[in-house]
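Topology and contacts: notes
For reference, the chains in residue letters:
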Amino acid sequence: MSAIAQGLLPTLREGLVATQAGGGKVPGVGGMLTVAGNTWTFADYSADRALLLNGQLQTESRPAWLRVWGELALSGALSPSTSP
């Protein structure tokens, strides 16, 4: 599970930057993360080709923390069914 968390960190940083900028599109090495307000929509998004994300998250951020909730479908080499 820690490999999944490590794989998600760059994506969370990119999404947070887009949220603070008021929204936008974050292309991955595959797919797209679209940020509109506090909603992040993942469409076949992958930052590293090892983890593929589909679904939607809601976010709430403050200077010292980021709260994220929603549902994501994970697949690829780091998905829960294949990670060590």
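Presented here is an overview of the structure given in this document. Keep in mind the model is a prediction, meaning the values are calculated, not measured.

**As for the pattern of salt bridges**
Applying the stated criterion across every chain, the model contains two salt bridges. A salt bridge links Arg67 to Glu60; the shortest N-O distance between them is 3.2 Å. The network of salt bridges with common partners includes Glu60, Arg62 and Arg67.

**Thoughts on the nonpolar core**
Core analysis: the largest hydrophobic core is formed by eleven residues, namely Ile4, Ala18, Val26, Leu33, Val35, Trp40, Phe42, Tyr45, Leu51, Leu53 and Leu57. Counting residues per element, the ones that place at least two in this core are α1 (2–20), β2 (30–36), β3 (39–46) and β4 (52–62). Top contributing element to this core by residue count: β3, with three residues. Setting aside anything within four residues of it in sequence, one finds Val26 in contact with Glu14, Ala18, Met32, Leu33 and Tyr45.

**Section: empty space enclosed by the protein**
Scanning the model with the defined rule gives one cavity of 30 Å³ or more in all. One number sums up the size of the largest cavity: a volume of about 40 Å³. Taken together, Gly7, Leu8, Thr11, Tyr45, Ala47, Asp48, Leu51 and Leu53 make up the full set of residues lining the largest cavity. Per-element accounting of the lining of the largest cavity gives the leading share, three residues, to α1. Looking at the lining of the largest cavity residue by residue, the class counts come to five nonpolar, two polar and one charged.

**What about α1?**
The end-to-end C-alpha distance of α1 is 27 Å, a good match for the 27 Å that 19 residues give at a rise of 1.5 Å each. Considering bend angle alone, the principal kink of α1 is centred on Leu9 and spans about 30°; proline Pro10 follows within four residues of it. Buried within α1 we find Ile4, Gly7, Thr11, Gly15, Ala18 and Thr19. Buried positions along α1 lie against β1 (24–27), β2, β3, β4 and β5 (65–75). Just beyond α1, the residue with positive phi is Gly22, at close to 95°.

Rules and cut-offs
- In this numbering scheme, every chain counts its residues from 1 along its sequence in written order.
- Totals for whole chains, interfaces and linings use every residue, but because this is a predicted model, local features are given only for residues with pLDDT of at least 70 and side-chain atom pairs only at 80 or more, for both listing and counting.
- Only hydrogens and water are set aside; all other atoms, that is, all heavy atoms of the structure, feed into the side-chain values.
- Between Lys or Arg on one side and Asp or Glu on the other, a salt bridge is scored when a side-chain nitrogen of the former is within 4 Å of a carboxyl oxygen of the latter.
- Each nonpolar core is a collection of buried residues, namely Ala, Val, Leu, Ile, Met, Phe, Trp, Tyr and Cys, held together in the definition by side-chain atoms within 4.5 Å.
- Partly exposed describes any residue whose relative accessible area lies between the buried limit of under 20% and the exposed limit of over 50%, with all areas from a 1.4 Å probe on protein chains only and scaled to the type maximum.
- Think of it this way: any DSSP run of H or I at least four residues long counts as a helix, any run of E at least two long counts as a strand, and we number them from the N terminus.
- Note on contacts: a residue pair qualifies if any of its non-hydrogen atoms lie within 4.5 Å across the two residues.
- In this analysis, the protein atoms alone were mapped onto a 1 Å grid. Cavities are point sets where a 1.4 Å probe fits without being able to get out; pockets are open sets with protein on both sides within 12 Å along at least five of seven lines; lining residues have an atom within 4 Å of a point.
- Grid points are joined across faces, edges and corners, and a volume is the space filled by probe spheres set on the points.
- Residues are grouped as follows: Ala, Val, Leu, Ile, Met, Phe, Trp, Tyr, Cys and Pro are nonpolar; Asp, Glu, Lys and Arg are charged; every other residue, Gly included, is polar.
- Here, expected helix span is obtained from the residue count minus one, scaled by 1.5 Å.
- To get the bend at any residue, fit one axis to the seven residues that end at it and another to the seven that begin at it, then take the angle between the two axes.

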